[in-house]
Amino acid sequence: MVNELLLHTFQTLIPMASKFGMAGGIPERRVRPIWDAIDSRQFKNALKLSASLLSKYPNSPYALALKALILERMGKSDEALSVCLSAKELLYTNDSVLMDELTLSTLQIVFQRLDHLDLATSCYEYACGKFLNNLEIMMGLFNCYVREYSFVKQQQTAIKMYKIVGEERFLLWAVCSIQLQVLCGNGGEKLLLLAEGLLKKHIASHSLHEPEALIVYISVLEQQAKYGDALEVLSGKLGSLLVIEVDRLRIQGRLLARAGDYATAANIYQKVLESCPDDWECFQHYLDCLLEDGSYWCNEPLNDSVHPPKDVERNSSHLTDEVFISRLSNASAFAQKLQAEAGNDFIRCPYLANLEIERRKQLQGKGDDDKLIEVLMQYFFRFGHLACFASDIEGFLRVLPFGKKEEFLEKLIKSCDSLSAVPTKLLGQSISLFKIEELIGNMFKIPVVELENSAIRMAQMYCKNLPLSKDLDQQESMHGEELLSMACNVLVQLFWRTRQLGYLLEAIMILELGLTIRRHVWQYKILLVHLYSYLGAYSLSYEWYKSLEVKNILLESVSHHILPQMLVSPLWVDLNDVLKDYLKFMDDHLKESADLTSLAYRHRNYSKVIEFVQFKERLQHSNQYLMARLEAPILQLKLNANNIEEEECILESLKSRVHFPEFSSEIGGKSLTFNEDMQSRPWWTPIPDKNYLLEPFEGVSFCPRENLQQQRKGREANVRTAIEKRSLVPRMIYLSIQCASASLKENIEANGSMYDPKISSELRFLLERYAKILGFPFNDAIQVVVGVLSGQKSSEAFNSDTVDWLNFAVFLNAWNLGSHELGLSDEDGCRPGTWHIVNSLLERYIVEKVRSMGPLISSLGCDLPTLVQLVTEPLAWHGLIIQSCVRSALPSGKRKKKSGSVDQSNSPVSNAIRDSIQSLCSIVEEVTKWLRVQIKKSEDENVEIILSSFQRKEQTVGPGQVFQVLQALISSASDTELGDRISQTLKSWSHVDVARKLVTGQRKVMSEFLQICDSKFKLLQSLKQQI
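Residues numbered from 1 in each chain as written. Predicted model: local features only at pLDDT ≥ 70, side-chain atom pairs only at ≥ 80, totals over all residues. Heavy atoms only, no water.

**Points about the overall build of the protein**
Phase 1 of the analysis: Of the regular secondary structure elements, the protein holds 50 helices and 2 strands.
Phase 2 of the analysis: Expressed as a percentage of its 1027 residues, the buried residues of the protein come to 55%.
Phase 3 of the analysis: Here the analysis covers contacts within the protein between residues at least 6 apart in sequence; of these, 73% occur between residues at least 24 apart.
Phase 4 of the analysis: In the form shown here, the protein has an accessible surface area of approximately 44500 Å², with 51% of it arising from carbon and sulfur atoms. (Helix = DSSP H or I, 4+ residues; strand = E, 2+ residues; numbered from the N terminus. Buried < 20%, exposed > 50% of the residue type's maximum accessible area, 1.4 Å probe, protein only. Contact = heavy atoms within 4.5 Å. Areas by Shrake-Rupley, 256 points an atom, 1.4 Å probe, with all protein chains shown as cover.)

**Examining the packing of helix α26 (residues 501–517) against helix α27 (residues 522–534)**
Phase 1 of the analysis: The N-to-C vectors of α26 and α27 enclose an angle of 145 degrees; their axes lie 10 Å apart at closest approach. Crossing angle aside, the handedness with which α26 passes α27 is left-handed. Contacts from L504, A507, I508, L511, E512, G514 and L515 in α26 reach Y524, K525, L527, L528, L531, Y532 and Y534 in α27.
Phase 2 of the analysis: Considering only residue class, the contact of α26 with α27 consists of 11 nonpolar, 1 polar and 2 charged. (Axes fitted to C-alpha atoms, helices over the stretch in contact; angles between N-to-C directions. Left-handed = near helix turned anticlockwise from the far one by under 90°. Nonpolar A, V, L, I, M, F, W, Y, C, P; charged D, E, K, R; others polar.)

**A short note on the packing of aromatic side chains**
Phase 1 of the analysis: The final tally for this structure, using the stated rule, is 28 aromatic pairs.
Phase 2 of the analysis: On the basis of an interplanar angle of 80 degrees and a centroid distance of 6.0 Å, the ring pair of W805 and F808 is categorised as edge-to-face. Pair noted here: W805 and F808 are both in helix α41 (residues 802–819), with a separation of 3 residues, about one helical turn.
Phase 3 of the analysis: A relative accessible area of 2% means that W805 is categorised as buried.
Phase 4 of the analysis: Judged by centre distance (5.0 Å) and plane angle (75 degrees), the ring pair of F950 and F963 falls under edge-to-face. Of this pair, F950 sits in the loop between α46 (939–948) and α47 (961–971) while F963 sits in helix α47, and the two are 13 residues apart along the sequence. Accessibility classification places F950 together with F963 in one group, the buried group.
Phase 5 of the analysis: Pairwise contacts between aromatic rings join F776, F778, F798, W805, F808, W815 and Y845 into one cluster.
Phase 6 of the analysis: When the ring centre of Y92 is taken as reference, the NZ or CZ atom of K88 above it lies at 4.4 Å. (Phe/Tyr/Trp six-rings, centres within 6.5 Å; stacked < 30°, edge-to-face > 60°. Lys NZ or Arg CZ within 6 Å of the ring centre and 35° of its normal.)

**Points about the nonpolar core**
Phase 1 of the analysis: F808, L841, L864 and L986 are the most contacted members of the largest nonpolar core, which totals 191 residues.
Phase 2 of the analysis: Among the elements that make up this core, the one with the highest residue count is helix α50 (residues 991–1026) (13 residues).
Phase 3 of the analysis: Every residue in contact with L841, bar those within four places of it in the chain, is listed here: V785, V788, L789, F798, L806 and A809.
Phase 4 of the analysis: If you look at the next biggest cluster of nonpolar residues, it comprises 121 residues, including M99, C123, Y606 and I610. (Core = buried A, V, L, I, M, F, W, Y, C linked by side-chain atoms within 4.5 Å.)

**Let's talk about the packing of helix α8 (residues 135–148) against helix α10 (residues 168–183)**
Phase 1 of the analysis: Where α8 contacts α10, the two axes come as close as 13 Å, and the packing angle between them is 20 degrees. Regarding the angle of α8 to α10, the classification is roughly parallel. Where α8 crosses over α10, the handedness of that crossing is left-handed. Across from L135, M139 and F142 in α8, the residues of α10 making contact are R169, F170, W173 and S177.
Phase 2 of the analysis: Within the contact of α8 with α10, the residues separate by chemical class into 5 nonpolar, 1 polar and 1 charged. (Parallel < 35°, antiparallel > 145°, perpendicular 65-115°, else oblique.)

**Topic: helix α32 (residues 606–620)**
Phase 1 of the analysis: Its 15 residues give α32 an end-to-end C-alpha distance of 22 Å, which sits within 8% of 21 Å, the value for a rise of 1.5 Å per residue.
Phase 2 of the analysis: Restricting attention to buried positions, one finds in α32 the residues Y606, V609, I610, V613, Q614, K616, E617, R618 and L619.
Phase 3 of the analysis: Those residues of α32 hidden inside the fold are in contact with α9 (151–165), α10, α12 (211–223), α29 (554–558), α31 (572–602) and α33 (623–639). (Expected span 1.5 Å × (residues − 1).)

**Focus on α41**
Every α-helical turn comprises 3.6 residues, leaving residues that sit three or four positions apart pointing alike.
Phase 1 of the analysis: For α41, built from 18 residues, the straight-helix expectation of 26 Å at 1.5 Å per residue is met to within 8% by its first-to-last C-alpha distance of 25 Å.
Phase 2 of the analysis: Here α41 lies mainly inside the structure; 18 of its 18 residues are buried.
Phase 3 of the analysis: Directly beyond the C-terminal end of α41, a positive phi value near 55 degrees is found at H820.

**A closer look at the confidence of the model for the protein**
Phase 1 of the analysis: Here the protein averages 86 in pLDDT, and 88% of its residues register 70 or above.
Phase 2 of the analysis: A low-confidence stretch, residues 746–753 stays under pLDDT 50, and its non-local contacts, those more than four residues away or across chains, total 14 contacts.
Phase 3 of the analysis: In the predicted structure, residues 893–902 sits below a pLDDT of 50 and forms 5 contacts with residues beyond four places in sequence or in another chain. (pLDDT = per-residue confidence, 0-100.)

**Describing the pattern of salt bridges**
Phase 1 of the analysis: Counted under the stated rule, the structure contains 46 salt bridges.
Phase 2 of the analysis: Note that D595 is salt-bridged to R147, the shortest N-O span being 2.8 Å. Taken together, the residues D595 in helix α31 and R147 in helix α8 connect sequence positions 448 residues apart.
Phase 3 of the analysis: Here R147 falls in the buried class, since its relative accessible area comes to 16%.
Phase 4 of the analysis: Ionic pairing is found between R250 and D279, a salt bridge with its closest N-O pair at 2.7 Å. One end of the pair, R250, is in helix α14 (residues 245–259); the other, D279, is in the loop between α15 (262–275) and α16 (280–290), and 29 residues separate them in sequence.
Phase 5 of the analysis: By relative accessible area, which is 30% here, R250 ends up partly exposed.
Phase 6 of the analysis: For D279, a relative accessible area of 16% gives the class buried.
Phase 7 of the analysis: One connected set of salt bridges, linked through shared partners, spans D288, E356, R359 and R360. (Salt bridge = Lys/Arg side-chain N within 4 Å of Asp/Glu carboxyl O.)

**Topic: unusual backbone geometry**
Phase 1 of the analysis: Even without glycine at this site, N133 takes up a positive phi of about 65 degrees.
Phase 2 of the analysis: Counting through the fold element by element, N133 comes out in the loop between α7 (117–130) and α8.
Phase 3 of the analysis: Looking at N133, the relative accessible area reads 56%, which means it is exposed.
Phase 4 of the analysis: Phi at A225 is positive, roughly 65 degrees, even though this residue is not glycine.
Phase 5 of the analysis: For A225, the position within the fold is in the loop between α12 and α13 (227–235).
Phase 6 of the analysis: Here A225 falls in the partly exposed class, since its relative accessible area comes to 46%.

**As for the state of the cysteines**
Phase 1 of the analysis: Here the structure, examined in full by the defined rule, presents 0 disulfides.
Phase 2 of the analysis: Unpaired in this structure, C144 has its nearest cysteine sulfur neighbour in C123, at a distance of 8.6 Å. (Disulfide = S-S within 2.5 Å.)

**Focus: the side chain of S680**
Phase 1 of the analysis: For S680, the location among the structural elements is in the loop between α35 (662–668) and α36 (704–713).
Phase 2 of the analysis: A polar side-chain atom of S680 sits 2.9 Å from a polar atom in the side chain of H561.
Phase 3 of the analysis: Among the polar contacts listed, one links the side chain of S680 to the backbone oxygen of D677, at a separation of 2.9 Å.
Phase 4 of the analysis: Leaving out residues up to four positions away in the same chain, S680 has contacts with W522, I526, H560 and H561. (Polar contact = N/O pair within 3.5 Å; in protein donor to acceptor, adjacent residues only side chain to side chain.)

**Let's talk about the environment of V871**
Phase 1 of the analysis: In this structure, V871 sits in helix α43 (residues 864–872).
Phase 2 of the analysis: Sequence-wise, V871 and C1013 are 142 residues apart; in three dimensions their C-alpha atoms are separated by 7.8 Å.
Phase 3 of the analysis: If we ignore the near neighbours within four places in the chain, the residues touching V871 are I846, A876, V927, F1009, C1013 and K1016.

**Describing the environment of P61**
Phase 1 of the analysis: You can see P61 is positioned in helix α4 (residues 61–73).
Phase 2 of the analysis: Residue P61 is classed as buried on the basis of its relative accessible area, which comes to 3%.

**A short note on the side chain of R518**
Phase 1 of the analysis: The topology assignment puts R518 in the loop between α26 and α27.
Phase 2 of the analysis: Judged by relative accessible area, which is 4%, R518 ranks as buried.
Phase 3 of the analysis: Side chain to side chain, R518 and E481 meet in a polar contact 3.1 Å long.
Phase 4 of the analysis: Aside from chain neighbours lying at most four places away, what touches R518 is Q474, Q475, E476, S477, M478 and E481.

**Here we look at the environment of Q270**
Phase 1 of the analysis: Within the secondary structure, Q270 sits in helix α15.
Phase 2 of the analysis: Each C-alpha atom of the pair Q270 and F334 lies 8.5 Å from the other, and the pair is 64 residues apart in sequence.
Phase 3 of the analysis: The contacts of Q270, once residues within four sequence positions are left out, are Y286 and F334.

This is the structure in C-alpha cells:
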C-alpha cells in the first residue's frame, strides 16, 4: 500500500514541478531518469544516477533526499537515515538552498519508512515557520499530523490554511479533526460548538458545495443532539446537495426518530420502503417508529460504522393495547401492499415483515404462538429452499416456547409431501428442515439411534443429489454440500455422547472425501482444523488452515481457528510463521492506515476519515493482537531456553528492564475489542477457550447454542486476565535469572559484583500480582503450593491453571534464592526448601501426566498440549535458573579463586542445584521414553486401530454407518451419472490414505516434541558435568 501511495505522491508532485522545468531546484530533465529507474526497481542504476546528480548539486537537499530514498528501497536503512539527516541539516543551516514541497515530501516518505516520522514533522514545522502562508508546505505539515494522529495540531493547521484561502475543504479538515478529538481523543463535547460555529459562519458567507460537507455539518449537529437544527438544514437549500432522494430520506427518518417525532419518521421510512422494498433494516425502523420505540436509537453509537449496534430489546409498553394492535395492523397492511407490488420470489423483506410483526406481539405479551407458526410455515413454503432460511427465522423462533418449536418442526416434516418438485428447491427445503432441527436444539435431545439415523439421511441425501452438480465448475458451490458439514456436526455430537472414537474419525473421513470432490469448501476445512487439533495432529490442522489462504484483514477475523491450538503445540516453526504473518499484517496496517486517512482527506470523503481512524483504534485494541504481541517474544524465549546467553539477549531486546510490562498499562484504560468471526466456529468450540468435547455430555437439557451469548459476554474479563498474566512472564524470567546469579553469595563477593536489592523487591511485587491473578494473596498462594505438595490440599486446587501455578512456584524459588525470606526448609534443615518444592511439583504433574496417557491415536481429549506446556514453560524456566546458578558458581575465564574464597561445591545451594538437575533429567527422560514408544509403534498397526473403530462388518448401529453410505457412492460412481471430474476424484480417494495421514500427522507432532525434550536432556547432562 505504501509503495502505491509513494508513486501517487510523486506522480502528482513532479508534473507540478515540471511546469517550471525544475524539481527540487534541479532541472527536471536531470531528475526524471532517476525516478524512472526507481519506478522500474532498477535501484543500482538509480543510485549511480543519484551519485552523478550529487556531484553536480552537492548542496541540494532534494538530491540527498533522492539518494536516501534509493538506499531505503535497497534495504540500507542506516545509510538512508544518515543521508536524510544530512539533507535535514542542510535545510536548517543553509538559507540559500531551496526548501520546497517536493524536497520535504521526499524526506517525509523516507523518514516515515524508517519509523522516524517525528523528524519529517520537524522539517515541515521548520519550513512553515520559515515560509509563512505557503499552502503546499502547510498541507504537507497537516498530513504529517494526520500520520501522527495529532488531532489538535491537525485542527490548528487546517484553520490556518482556511484563514489564508477561505476554501471549504480546509474548514472541513478542521471540523473532522475536532470530531476526532471528541470521538477518539480526549476532547470534550464543547469542541463541537466550535465546529458548529465555524460551519455556520462559512455557510453564511459562502454556503456549502459538496454533499460530504452537508453530511459533516449534520453529524456535528447530531452529536450535540440538535436534531431539530439538523432537520432544518436538511430540508433547506443545502438539502439539495444530496442528489439521491432515498439517502436524504434515510437521514431525515433517523433525525426525526432521534428527535422523538415518531409519526413523521414512520411516514418517511414508509417512503423509503416504497422505493426499496427489500430494505430490512428500514422496515425495523419503520416499525419502531410506529410503536414509538426509541430503544434502537438510544443504543446506536453515533458516527461509528466500525462498531455496528448490537441486538436491542424492544419496548412499547407505554402504548395502550388498542393503539398497539391498531398500529401493527397498519404495518401488516403496508407489508401486504409491499408483497403485492414486489411480485417475485427474490424480495424477502415484505414477508419477513409479517414475522417481525408477530414477534413484536409476542414481546409485548399479546402474541399468538399458532399465528406465528402459521406465518413461519408460509415463509418456509416461499423461501425454505434458500440457504439463508434458517438464519432468517432464528430470531423469531427464540420467542416461541420449546413445545411450540417442536410443533413447528413437526408441521414442517409433515409438509414434506407438498414440497417443491424442482430437485434443487426440494434439496434446499430438505436441508432447511435439518437446520431447523439443529436450531431448536432437538439434536441434543433425541436418542442416539435417531441421531445416528439423521446423519445417515444427510449422507444419503448428499449422495442422491450429487449428480445435480456434475456440470458445475470446481470453483462453484455444489448443490447440498452443506449436508456433509451437518453430518459431521451430528457425528461429533454422537462421539460426545457415547465417547466412541469411531464417530469422530468417521466425521474426518466424510470431510476429507468432500474436499477431494471439491477442494474449495472452507466450511469443511475449518471443521477439520478443529477435529485434527482435538486429536493432537496439529500439523494437519495447520495444513488445512494454510489451504484457506487467509490474507489481509481476514488474518484478524479468522486466525482464532488455529492460533490457540498452535500456542500449546510443539510445532514452533509453524507457530512462528502464524504469529509473524499475523503481526506483520497488523503492524503494517496500523502504520499505513494513516495514509488511507490522508487519502480520504485529499479526496474529500470526510465520513471515511472518521471510519478509518475508528477502525485503526479497533484493531489497535484487538485482544488477539495484544496476545500475539506477547506470545511472539515468549516463543523466542522458549526456543532459546537452553542457552542463557541467547536468552539474555532476547530479554534485552524486549526491554525487559522496564519496571512493569507495558501491556498492563496498555489494556488498563480501554476495553478490548473482539474482531473474530465466531459464527464460523464449530458448535463444540464456540469460543477459543471452550471445548465441550473435553467435558462430559450434560444431558438432554443442554444445548450449546443457548449458552453461546452468555459465554461470549464473560470472555472479555477472562482474556484481559490472561493478557495481564502472560505480560508478567518475560520480566519475571529476567528477574529470576538475576536473583539466581546473586544466590551464590561467596562467588558474587569473589567476582566483585554487586547485587541490587531492587531486583528481589520487584520480583516479589510481580509475584504478588501473579498470585492475585490466580485468585490468591501472595502468602495464601505460597500455602496452596506447599499444601498441594504435602498432600494437605488436593491437586484440584490448581484447577485448570496447573502451568501457571508451576510457573509461580519456579519464580518463587528464584525470588527466595535472592531474598531468603521464606521460612521453608528441607528435611535436613538446609535453606533451599523451595528447590525441593519445584522439583517435586514438576515431577508429580509431568510424570503423572505421562503415565496416565495412553496411545495418542486413541486418546480422548488428548493431554499432549498440557504436557508440552509443562515441559516448555515451568520446566524450561527452572532450567534457566539452574543455568544462571551454575554460571555464577564457575570461575570466570582464567581468573583463579581468591585466597579467601570458599569452595562452594558442597554448599547447600550447590547440593540443591545438583538435586534439581538430577530431578529434571529423570522427568525429561520419562517423557522421552513415552514419546519414543509412541513413535516406534508400527504405522500399519495404528492405521488398523483407526479403521477398526468405524469399520465393523454386519453391524447396523454405531460408528461407520455414514461411512458405508459414502463407500457405496464410491463403488457405484459412474462418469455418466456424476460427470468425469467428480467420478474420477471419488475413485482416486482412499480412506486408508486418510488414516495413514492422521497417523503421520500425530507422529510428526510427537517427533517435534521429542526433539525439544532431547535438547533439554543434553543441556541438563552438560550442567551436571559442570556443577
